[in-house]
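Summary of the model geometry
One-letter residues, chain by chain:
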Amino acid sequence: MKLSKLSVLVATTALCAPAAFAEEMANEMTLVSWGGAYQASQVKAYVEPYLEMNPGLKVIWDESSAEATAKMRAMAEAGNITWDLVDAVASDAMRMCDEGLIEEIDHDAVLAPAPDGTPPSEDFGELLVSDCFVPQIVYSTTFGYRTDLVGDTPPTSVCDVFDLEKYPGKRALQKRPIDNMEWALYCDGVAKDEIYDVLSTPEGVDRALAKLDTIKDQVVWWTAGAETPQLLADGEVVMGSTFNGRLFSAIAEQGQPIGMLWDMQSFDLDGWVVPAGLPADRKARVMDFLKFATDTQRLADQAKYISYGPARKSSAPLVGKHAELGIDMAPHMPTDPANATNVHVYDYEWWADNRDDLDAKFQAWLAK
Amino acid sequence: MTDTTQTGPVLAADGTPLKKSLARALRMQKLRALMLIAPLLLFVLITFLLPIADMLFRSVENNIVSDTLPNTVVALEDWDPNSGEAPGEEVFAALAVDLKAAAEAKTHTKVGTRLNYENPGISSLFRKAGRKVKKWDTEADGPFKEKFLEMDDAWGDIGVWQTIQTYSPKLTNGYFLNSVDLKKGNDGIEVRPENERIYIRLFIRTFIMSLIITGACIVLGYPVAWILANLPSRTANLLMILVLLPFWTSLLVRTSAWKVMLQQQGVINETLVWLGLVADDARLVMINNQFGTIVAMTHILLPFMILPMYSVMQTINPSYLRAAKSLGATNWTAFWRVYFPNSVPGIGAGSILVFILAIGYYITPELVGGTKGVFISNRIAFHISTSLNWGLAAALGTILLAVVLLLYWTYDKIVGIDNVKLG
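Just so you know, these numbers come straight off a predicted model, no measurement behind them. (Residues numbered from 1 in each chain as written. Chains lettered and ligands numbered in written order. Predicted model: local features only at pLDDT ≥ 70, side-chain atom pairs only at ≥ 80, totals over all residues. Heavy atoms only, no water.)

Here's the deal with the packing of aromatic side chains
Residues and elements named next belong to chain B. Where we set the bar: Under the pairing criterion, centres of Phe, Tyr and Trp rings, with the six-membered ring standing for Trp, must be within 6.5 Å; the plane angle then separates stacked pairs below 30 degrees from edge-to-face pairs above 60, leaving the rest tilted. A run of H or I in DSSP counts as a helix once it spans at least four residues, and a run of E counts as a strand once it spans at least two, with each numbered from the N terminus. The buried label applies to any residue whose accessible area, calculated with a 1.4 Å probe on protein chains only, is under 20% of its type's maximum; exposed applies above 50%, and partly exposed to all values in between. A ring has a charge above it when a Lys NZ or an Arg CZ is no more than 6 Å from the ring centre and no more than 35 degrees off the ring normal.
Counted according to the given criterion, the structure contains 31 aromatic pairs over all chains. Between the aromatic rings of F92 and F148, the centroid separation amounts to 5.6 Å while the plane-to-plane angle is 45 degrees, which identifies the pairing as tilted. Residue F92 is found in helix α4 (residues 89-105), and its partner F148 is found in helix α7 (residues 144-151); the two are separated by 56 residues along the sequence. Ring centres of F92 and W161 lie 5.1 Å apart, and the angle between their planes is 70 degrees; this geometry places the pair in the edge-to-face category. Linking F92 in helix α4 with W161 in helix α8 (residues 158-166), this pair joins segments that are 69 residues apart in sequence. Judged by its relative accessible area of 0%, F92 falls in the buried class. Cation over ring: K184 sits above Y167, and NZ or CZ is 5.3 Å from the ring centre. If you follow R379 out to its NZ or CZ, it ends over the ring of F382, 4.3 Å from the centre.

Next up, the structure:
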């Protein structure tokens, strides 16, 4: 009796006063991420502290970031958006932003300022590559090599990857044109700031592919970031590119005989995007979480669990030791000055324009 | 006798013509039967046929350009693409109106992405223009041609306008042309430059490798099915578990197991080196190529070949063979002339299953195929999930579907589909 009265009451209030509930926050939130060690670092650094502050909240994880763009488009077409916050790499975020699948975010209005009051737009600075994107981490695609298979002179330059005489054996490269084309041109003698100008011409593309041709027989092409550490551990390849965090866990956590080659590491960003068209209560919840999860301290905390650099300038001095291994994390960050002496800056705008075209050429070249 | 001379229709007990009442009874029966299958029919229709139809339609659909840039499309109709000059002020004015509306609705980047598939660079052209045009007053701020050119020289590029004009109709064959390595040029259809041709090569490769995999499954599966069908049932059941066990194991686990076996520092190479059959620096390359894909996929698809063969072979009466031998046939003749023809329906069913599964496979080729062992389905998956070019993915899928249906039809003509049995 009591129960039915209560439910009638709840039903009528819900029917009569949707406006009054608009500012209420939903007590359920679906987050989408990559799974594995990266998602674990997000749970520890952002979600667990947030749940302590909001005990009634239920957080559901979906490990679908790898196919986020396609799933987001399918959800938008079906008009049923089940995700609240999605972790995506910057290039995917730009694609989704262009497609109108994700919200534009006013960074200064939504995000928390730095402790000294610096507005977020300055604190994140040039890393705000899209209006729809809130960066969390800077990661890099770089090379690892087997310390026991390279002799007494470990590789020091990315061009050693193209040097089969000095370092014979197989190399692992990602099965996509991005990064590989730039490295090829750089090692073919193109100045760093002219790479994209050269790559914009058909001759430049041919030149990059010709350089890659010199090692094509010795390349194992990977699609998942976990493949290179495995190939290195098995001794299948002498050196290979992958995300720096993967190499860190192979070296520091598993003790594999692997060394880092930071030269011409390619910086990339990973961050949050909010699906367009969320109901008001869910959106209010997501924005509240987003503000908390991307503040200075939270971004610095994430670096305790994984070796990716926080996207805020104000977080960098707060980066401490690894939560379990107790080692100092700063020297393992891609953004550490010692590692970042020669970096490759990835041009998002250029790739957004040329990705389809170059991919067709790259795939045709691979299939030859 | 007098009754039978009656010429009118035969009547049922209630006076209606018998033919009519019979038809009604039959119709009721049919309706009842239809209602029984209705849930399944609706299920198949909604979850299978409609999505396929929708996907097929995507391969020709091209509403986005004329929906987003309605005025520009109309204004462009009068422009001659071979004139060697960019269109005039009225087209740019129409574009300003369209882009302003599109930028407010945030659809300008969408159309930019669509046109970027055909002409790289348009994506950022539209993205940048949207930002600026939003602030313009489309009534008073003219002339717009100068303003656009001032924003980006590329607006004066004839290629951009040719692309917009070529892709303004609501239906396009562009995706289909793209999927057979052709493209729409100014003067009709052209062949793509050599360094962009990929799909025909992949289609051919997919079919040849699927045929090889089907052939390997027949050769390996036939003796197994024969043994299973001719052993006492207790032993056969035990062996059957050996066939089914890998079938129940996850596809990814089996594929990864093949990686461990076949790689250069893997089990097979290590053993060969240890035995001294292969030099340490000349280890065999058995993975990340076509060989790896064929081995792994043959293993994965083998149960689909063995099971139909086995169930057909079980129905072959052993006394046929005995009869053949008692009439003087050798073991080989008895097998080849009597047993084998009886088992052909099983081979047919298994081959169709394996072949059709093989040409649609993509996870295994992706993991063990390297560059030379990937299939057309890997490109379809790429366009669905990474490049978001669903139109091209739909066109490639449609071609794949059409070729499968064509092969099925040919098979029916040559072997006869009645000659396929699952047991």
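Overview of the pairing of strand β2 (residues 58-62) of chain A
All names here are of chain A. Worth spelling out the cut-off: Only strands joined by at least two bridges in the DSSP assignment are considered to pair. Think of it like this: strands point away, you trace from the first strand over the helix to the second, and a clockwise trace means the crossover is right-handed.
Bridge analysis of strand β1 (residues 28-32) against β2 gives 5 bridges, and the strand direction is parallel. If you follow M29 over to β2, its bridge partner there is V59. Handedness of the crossover joining β1 and β2 through helix α3 (residues 36-53) is recorded here as right-handed.

Things to note about the interface of chain A and chain B
Interface size is commonly expressed as the accessible area that is lost once the parts come together. Condition: Residues are treated as being in contact if the distance between any of their heavy atoms lies within 4.5 Å. Buried area: the accessible surface (1.4 Å probe) lost by two parts on joining, summed over both. Think of a salt bridge as a Lys or Arg side-chain nitrogen and an Asp or Glu carboxyl oxygen that are within 4 Å of each other. Between N or O atoms, a polar contact is any pair within 3.5 Å; within protein, one atom must be a potential hydrogen donor and the other a potential acceptor, and residues adjacent in sequence are included only when both atoms are from side chains. For this classification, Asp, Glu, Lys and Arg are treated as charged, while Ala, Val, Leu, Ile, Met, Phe, Trp, Tyr, Cys and Pro are nonpolar and the rest, including Gly, are polar.
Tallying the contact residues gives 36 residues for chain A and 38 residues for chain B. Here chain A packs against chain B, burying approximately 3,500 Å² in sum over the two surfaces, 45% of which is carbon and sulfur. With its nearest N and O atoms 3.9 Å apart, the salt bridge here joins E196(B) to K361(A). For the pair chain A and chain B, the number of links is 18 residue pairs in polar contact (both at pLDDT 80 or more). At the level of elements, α4 (68-78), α5 (90-98), β6 (219-222), α11 (227-234) and α15 (348-367) of chain A are the ones that each hand at least two residues to the side of chain A that touches chain B. Of all the elements, α15(A) adds the most residues to the side of chain A that touches chain B, at 14 residues. Looking at the side of chain A that touches chain B, its residues break down into 11 nonpolar, 5 polar and 20 charged.

Considering empty space enclosed by the protein
This is how it is decided: The way it works is a 1 Å grid over only the protein atoms, where trapped points that fit a 1.4 Å probe form a cavity and open points with protein on both sides within 12 Å along at least five of seven lines form a pocket, and then any residue with an atom within 4 Å of a point lines it. Grid points are joined across faces, edges and corners, and a volume is the space filled by probe spheres set on the points.
Applying the stated rule across the entire model yields 1 cavity of 30 Å³ or more. Empty space within the largest cavity amounts to approximately 160 Å³. The set of elements that each furnish at least two residues to the lining of the largest cavity consists of α5 and α15 of chain A together with α5 (108-116) and α6 (122-133) of chain B. Residues of the lining of the largest cavity, tallied by class, amount to 6 nonpolar, 4 polar and 5 charged.

Re the domain arrangement of chain A
All names here are of chain A. Here is the rule we go by: As used throughout, domain bounds are those supplied by an automatic or database domain assignment.
Here the domain parsing of chain A yields domain 1 (24-138 + 270-318) and domain 2 (141-268 + 336-367). One C-alpha centre belongs to domain 1, the other to domain 2; they are set 29 Å apart. Across the contact, 11 residues belong to domain 1 and 12 residues belong to domain 2. For the domain 1 and domain 2 pair, buried surface summed over both sides reaches about 1,000 Å², with 52% attributable to carbon and sulfur atoms. Run the count over domain 1 and domain 2 and you get 1 salt bridge. One salt bridge connects R95 with D356, and the closest N-O pair in it is separated by 4.0 Å. Across the contact surface, domain 1 and domain 2 share 2 residue pairs in polar contact (both at pLDDT 80 or more). Elements that contribute at least two residues to the side of domain 1 that touches domain 2 include exactly α5 and β4 (134-146).

Considering a positive patch on the surface
Quick note on the threshold: Patch definition: residues above 30% relative accessible area lacking any salt bridge, with like charges linked at up to 9 Å and the nonpolar side chains Val, Leu, Ile, Met, Phe, Trp and Tyr linked at up to 5 Å. Per-residue and other accessible areas follow the Shrake-Rupley method at a 1.4 Å probe size, with only the shown protein chains counted as cover for residues. Under this rule, positive means Lys or Arg and negative means Asp or Glu; His and the chain ends count for nothing. Charged side chains are reduced to one point each, which is NZ for Lys, CZ for Arg, CG for Asp and CD for Glu.
On the surface, a cluster of positive charge is contributed by K106(B), K128(B), R131(B), K132(B), K134(B) and K135(B). As for its position among the elements, R131(B) is in helix α6.

Observations regarding the UniProt feature "transmembrane region" (unreviewed entry) in chain B
Residue and element names in this part refer to chain B. Rules: UniProt positions are given in the numbering used here, feature names are shortened, and annotations may be inferred rather than shown by experiment.
Listed under "transmembrane region" (unreviewed entry) in the UniProt record, and renumbered for this structure, are residues 33-53, 202-229, 235-253, 291-310, 344-363 and 388-411. Its end C-alpha atoms 28 Å apart, residues 235-253 is made of 89% helix and 0% strand. Taken end to end, residues 344-363 comprises 85% helix and 0% strand; its first and last C-alpha atoms sit 31 Å apart.

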